[in-house]
Amino acid sequence: MIKDRLDSLRRVMKEKKIDYYLVPTEDPHGSEYVGEYYKCREYLTGFTGSAGTALIWQEGAGLWTDARYHIQADRQLCGSGVTLFKEGEEKVPSLYQFLEKNLQEGQCLAADGSLISAEAAQRLQEIAAAKGALLKSCDDLTKEIWTDRPDRSAEAITLLSPESSGKSTGEKLTVIRRRMEEKGADLLLLSSLDEIGWLFNIRGKDIPMSLLALAYGVVERESAVLYLQKRIWNEQLLAWAAKNQIEVDDYDMIYLDLSRRAQGKRVWADRERVNWKLFTLLQKAEGVIDEISPVEMEKAIKNETEQKNFRRAHEKDAAAVIRFLFWLKTHVGKEDITEIRAAQKLEEFRREWDSYLLPSFEPIVAYGEHAAIVHYSADTSSDCLLRPEGFLLMDTGGQYREGTTDITRTVALGPLTRRQKEGYTRVLMGNLRLAGLTFPYGCSGENLDLAARSALWEEGLDFFHGTGHGVGYLMNVHEGPQAIRWRHRKGSFVTALEPGMVISDEPGLYLEGEYGIRLENLLLCREKEKTSFGRFLAWEVLTLVPFDREAILPEIMEKRDVRLLNDYHSTVRRKMLPLMKTKAEKDWLLEATEPL
């Protein structure tokens, strides 16, 4: 089937004199997860991971993806005619290196200009020019062969009140206009859906599980425009917009409108976030301020209302997860429980809360060797029976009216080897050490990453994904600009950690064909103290679920590690015991949080 689709696409390419066609995992907003309508790369290759870029040419096709998806992509691309290029591995060319080597003089490289960033287009243009080739922005070619393509999502939106968001839309616009004035910007162009959702206090369902609406935004000194699909407009939305002096226009009108609005003005537009097609409409602007959007940082620093709601969401989520863990530990081996059934059962516990809305991402429930696939997703062909032995890894989260959660626990379903326990303990030590840090104001995630990896590095072990990502408030579970990782990405913006930021703490260990371990809590950055040496920050752990004492080797932990674990479990016990529903659940939690 994949081969047939690729052959059909190649015929379209030949008609349009296109030699190489680039298909990213994108929508026009650079979203990490995309709606069904925009899953062109998945349709053409069969690879379902959330990150990757396909390149199709007459004689072949390739897919580039990072280490999180190498095992998954190996399996899904088998027999498809698509070659896997494992990013980051030795002697594997990057997409850009591949094009530098293979693109020939006079050839045409094309992509849908709305699906790649202006930054990526500039890099591709440089490669094409150096080879005497042409980079062309074209319409989406996939629509010519995808006959049963789903419609573009257009779900109704929800307007958040200041009681939920902490600040009104008007207050947020005032702050952003102040930032614009400081930069000398007349117009701010917004295309990232989380930035638009935060600034305008809107939430939607156009992006799976992320509570985001397809939209564009333009902010000027005295006005603002929100571009939304016309079929979701209603009287409430229009009345709210009029009250906040916001013009509402049709979603696709921005491509006809932007050039006129930008003419003669200094426009703030981040070429890494704005798509190529939009960016080319700024040619008549007086100048472009190519910097990270002011909304990005304002959004990342949660206000007091958001912080309070985050805590409540995590208490509710922890209650559901703890009750599920008790159920799992007491039922595995006594009844048939598969990966999918376990995920369904956890969802049932979460749904007992009235404020629970939906998962915050596709759940990862991975048993045994499946857990070595970092972003494994069980389906009917892979779903396996859980046995009372080995590890089960569960990376799940929820969207509550109070906020967004993301938690990973790896638990022992039965006997473990010493090697498995040592791996678990070293991952746990990394999680605890990062969460227990005090650090000076001005540090970035790159400064702190060592704390999460040192216990693994000491034994020549590591994990090949970031240690921490920002988390949105009642939006996408992954947000920037804050992150924790040790590898600096060339040209990337280094973000200092600020009080109010929420970030994940998720070290791991993955042994292909054997098992995987990951332990994740969410952390809230807080002020700790000010001394003669400056401001110092620390973490408040939001996640309140015990780690598995059955998987721990206390003898390899340092005294400070044991103290950190016991302090954490004491907090979990104190806050979560009142939320258990039965005596059996309470007894289990008491035992699970006993000091080492």
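None of the values given here were measured: they were computed from a predicted structure. (Residues numbered from 1 in each chain as written. Predicted model: local features only at pLDDT ≥ 70, side-chain atom pairs only at ≥ 80, totals over all residues. Heavy atoms only, no water.)

A. Main features of the pairing of strand β24 (residues 502–505). Residues Val502 and Ser504 point to one face of β24 and Ile503 and Asp505 to the other, with burial holding for every one of them. Both β24 and strand β27 (residues 521–531) contribute to a ladder of four bridges, which runs antiparallel. In the sheet register, Ser504 faces β27, and the bridge partner there is Leu522. (Buried < 20%, exposed > 50% of the residue type's maximum accessible area, 1.4 Å probe, protein only. Helix = DSSP H or I, 4+ residues; strand = E, 2+ residues; numbered from the N terminus. Pairing = 2+ DSSP bridges.)

B. Fine view of helix α16 (residues 445–457). If you check α16, its first and last C-alpha atoms are 18 Å apart, about what 13 residues at 1.5 Å a residue would give, namely 18 Å. The sharpest bend along α16 reaches about 35° and sits at Ala451. Looking at α16, one finds that the buried residues are Gly445, Leu448, Asp449, Ala451, Ala452, Arg453, Ser454, Ala455 and Leu456. For α16, the secondary structure elements touched by its buried residues are α15 (418–435), β21 (438–440), β23 (479–484), β25 (508–511) and β28 (534–541). (Expected span 1.5 Å × (residues − 1). Bend = angle between axes of the 7 residues up to and from the residue. Contact = heavy atoms within 4.5 Å.)

C. The arrangement of the sheet that holds strand β15 (residues 356–359) in detail. An order of β15-β18-β19 is seen for the three strands of this open sheet, with the pairing classed as antiparallel. Each of the sheet's edge strands pairs with one partner strand only, and the pair in question is β15 and β19 (403–404). Pairing analysis gives three bridges linking β15 to strand β18 (residues 398–400), with the strands arranged antiparallel. Its bridge partner lying in β18, Tyr356 is registered against Tyr400. Contacting β18 and β19, helix α13 (residues 304–331) crosses the sheet at an angle of about 125° to β18. Its contacts with the sheet place helix α14 (residues 339–351) against β15 and β18, and it is angled at close to 160° to β15. (Axes fitted to C-alpha atoms, helices over the stretch in contact; angles between N-to-C directions.)

D. A look at the side chain of Thr495. As for its placement among the helices and strands, Thr495 is situated in the loop between β23 and β24. Here Pro481 takes part through its backbone oxygen, which lies 3.4 Å from a polar atom of the side chain of Thr495. (Polar contact = N/O pair within 3.5 Å; in protein donor to acceptor, adjacent residues only side chain to side chain.)

E. How the structure looks around a nonpolar patch on the surface. Together, Leu450, Trp457 and Trp486 line one region of the surface with nonpolar side chains, adding up to about 300 Å² of accessible area. By the secondary structure assignment, Trp457 is in helix α16. On the basis of relative accessibility, which here comes to 34%, the residue Trp457 falls in the partly exposed class. (Patch = residues over 30% accessible without salt bridge, like charges linked within 9 Å, V, L, I, M, F, W, Y side chains within 5 Å. Areas by Shrake-Rupley, 256 points an atom, 1.4 Å probe, with all protein chains shown as cover. Salt bridge = Lys/Arg side-chain N within 4 Å of Asp/Glu carboxyl O.)

F. Examining the packing of aromatic side chains more closely. Across all of its chains, the model carries 19 aromatic pairs by this definition. Here Tyr356 and Tyr400 contribute two aromatic rings whose centre-to-centre distance is 5.1 Å and whose plane-to-plane angle is 65°, an arrangement assigned as edge-to-face. Here Tyr400 lies in strand β18 and Tyr356 lies in strand β15, a separation of 44 residues in the sequence. Given the relative accessible area of 0%, Tyr400 is considered buried. (Phe/Tyr/Trp six-rings, centres within 6.5 Å; stacked < 30°, edge-to-face > 60°.)

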